[in-house]
Amino acid sequence: MAGRMLSKREVAQRLDISIEMATRHGLADGMREEAIVALEQEPPTWLAQSRANRTKGGRAVWATLTCVVCGFTESARPKKWWPEFTYLSCRDHAPQDAPAPAANQHRTEIDGVGSRFVGLVDVTF
Ligand SMILES: [Zn+2]
């Protein structure tokens, strides 16, 4: 049974590497599922190195964004300017659709997270 063909983006997410790195290492045309499993089991030097750097407290290459209202998820490259989000919500939901902040919390909304999210940051004052 031949595995599914994964796109370059899916390969990068699966291996937790950047798309640039996938391209640099000849994975630009994507890979089959079984080829990825083989690569994960016996990582080449560049992949082992990338993973070692990651466990030393490096930032995750991919973050999973999940809408608190409808459950929509998206993988995105985390941005340096992102704070710690309390919730993420799709931009098209009404603000009151998300869980309300506690009475002693102030909510800030941060637009432009991923392709369709608003980041909600609740700070206790
Ligand atoms: Zn949503």
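Quantities reported herein were computed from a predicted structural model and do not represent experimental measurements.

## Let's talk about the coordination of the zinc ion
Here's step 1: Protein coordination at the zinc ion comes from Cys-67 (SG), Cys-70 (SG), Cys-90 (SG) and His-93 (NE2), with a distance range of 2.0 to 2.3 Å.
Here's step 2: Seen from the zinc ion, its four donor atoms lie at angles of 104 to 113°, and the figure they make is tetrahedral.

## Examining the environment of Val-118
Here's step 1: Relative to the elements of secondary structure, Val-118 occurs in strand E7 (residues 117-124).
Here's step 2: Taking the C-alpha atoms as reference, Val-118 lies 9.5 Å from Phe-85; in sequence the two are 33 residues apart.
Here's step 3: Apart from residues no more than four positions distant in its own chain, Val-118 is found in contact with Tyr-87, Leu-88, Ser-89, Arg-91, Glu-109, Ile-110 and Asp-111.

## Overview of the nonpolar core
Here's step 1: Core analysis: the biggest nonpolar cluster contains 15 residues, and Val-11, Leu-15, Ile-17 and Leu-27 have the highest contact counts within it.
Here's step 2: Contributing elements (two or more residues each) for this core: helix H1 (8-15), helix H2 (19-24), helix H3 (33-41) and helix H4 (45-55).
Here's step 3: Take this core: its biggest share by element is three residues, from H1.
Here's step 4: What Leu-15 contacts, discounting residues up to four positions off in sequence, is Leu-27, Ile-36, Leu-39, Glu-40, Leu-47 and Arg-51.

## Quick notes on the pattern of salt bridges
Here's step 1: One pass over the full model with this rule turns up six salt bridges.
Here's step 2: A salt bridge links Arg-4 to Glu-10, with the nearest nitrogen and oxygen atoms 3.3 Å apart.
Here's step 3: Looking at Arg-4, the relative accessible area reads 52%, which means it is exposed.
Here's step 4: Relative accessible area serves as the criterion here: at 28%, Glu-10 is assigned to the partly exposed category.
Here's step 5: Among the salt bridges present, the one from Arg-107 reaches Asp-122, with a minimum N-O distance of 2.7 Å. Linking Arg-107 in strand E6 (residues 105-113) with Asp-122 in strand E7, this pair joins segments that are 15 residues apart in sequence.
Here's step 6: Through salt bridges with shared partners, a single ionic network connects Arg-14, Glu-33 and Glu-40.

## Observations regarding the packing of H1 against H3
Helices that pack against each other are described as a pair by the angle of their axes relative to one another and the distance between those axes.
Here's step 1: Remark: H1 packs on H3, axes separated minimally by 11 Å, with the N-to-C direction vectors making an angle of 30°. Relative to H3, the element H1 is oriented roughly parallel. Two packed elements cross with a definite hand, and for H1 against H3 that hand is right-handed. Contact residues: H1 offers Val-11, Arg-14 and Leu-15, while H3 offers Glu-33, Ile-36, Val-37, Leu-39 and Glu-40.

## Describing the packing of aromatic side chains
Here's step 1: Enumeration over the complete set of coordinates arrives at three aromatic pairs.
Here's step 2: Taken together, a centroid distance of 5.8 Å and an interplanar angle of 40° make the contact between Phe-72 and Phe-117 tilted. You can see Phe-72 sitting in the loop between strand E3 (63-66) and strand E4 (73-76) and its partner Phe-117 sitting in strand E7, a full 45 residues away along the chain.
Here's step 3: We classify Phe-117 as buried; its relative accessible area is 0%.
Here's step 4: When the ring of Trp-81 is compared with that of Trp-82, the centres are 6.4 Å apart and the planes differ by 85°; the resulting orientation is edge-to-face.
Here's step 5: A cation over an aromatic ring shows up here: Arg-77 above the ring of Trp-62, its NZ or CZ 5.6 Å from the ring centre.

Reading the values: the criteria
- Within each chain, residue numbers correspond to sequence positions counted from 1 in written order.
- Restriction of local features to residues with pLDDT of at least 70 applies here, the model being predicted, together with a cutoff of 80 or more for giving and counting side-chain atom pairs; totals for whole chains, interfaces and linings are based on all residues.
- Excluded from the side-chain calculation are hydrogens and water; included are all heavy atoms of the structure.
- Donor criterion used throughout: N, O or S atom within 2.8 Å of the metal, extended to 3.2 Å for Na, K and Ca. Water excluded; incomplete-looking sites may result.
- Square planar and octahedral sites, with four and six donors, are those where opposite donors lie more than 155 degrees apart and all other angles lie between 65 and 115, tetrahedral sites have four donors with every angle between 85 and 135 degrees, and the rest are irregular.
- Segments assigned H or I by DSSP are reported as helices when at least four residues long, segments assigned E as strands when at least two residues long, and all are numbered from the N terminus.
- Only heavy atoms enter the contact rule, under which two residues are in contact if any of them lie within 4.5 Å.
- What is meant by a nonpolar core is a set of buried Ala, Val, Leu, Ile, Met, Phe, Trp, Tyr and Cys residues, joined one to another through side-chain atoms within 4.5 Å.
- Buried residues are those whose accessible area, probed at 1.4 Å on protein chains only, stays under 20% of the maximum for their type, while exposed residues exceed 50% and partly exposed ones sit between those limits.
- Definition used for salt bridges: Asp or Glu carboxyl oxygen within 4 Å of a side-chain nitrogen of Lys or Arg.
- Whenever a helix is involved, its axis is fitted only over the stretch in contact; in every case the axis is a line through C-alpha atoms, and angles between N-to-C directions fall within 0 to 180 degrees.
- Each angle gets one of four labels, with under 35 degrees taken as roughly parallel, over 145 as roughly antiparallel, 65 to 115 as roughly perpendicular, and the rest as oblique.
- Each crossing gets its handedness from the near helix: less than a right angle anticlockwise from the far helix is left-handed, clockwise is right-handed.
- Geometry of aromatic contacts follows a simple scheme: Phe, Tyr and Trp rings, the Trp one being its six-membered ring, pair when their centres are within 6.5 Å, and the pair is stacked under 30 degrees between planes, edge-to-face over 60, tilted otherwise.
- Two conditions define a charge sitting above a ring: the NZ of Lys or the CZ of Arg must be within 6 Å of the ring centre, and it must be within 35 degrees of the ring normal.

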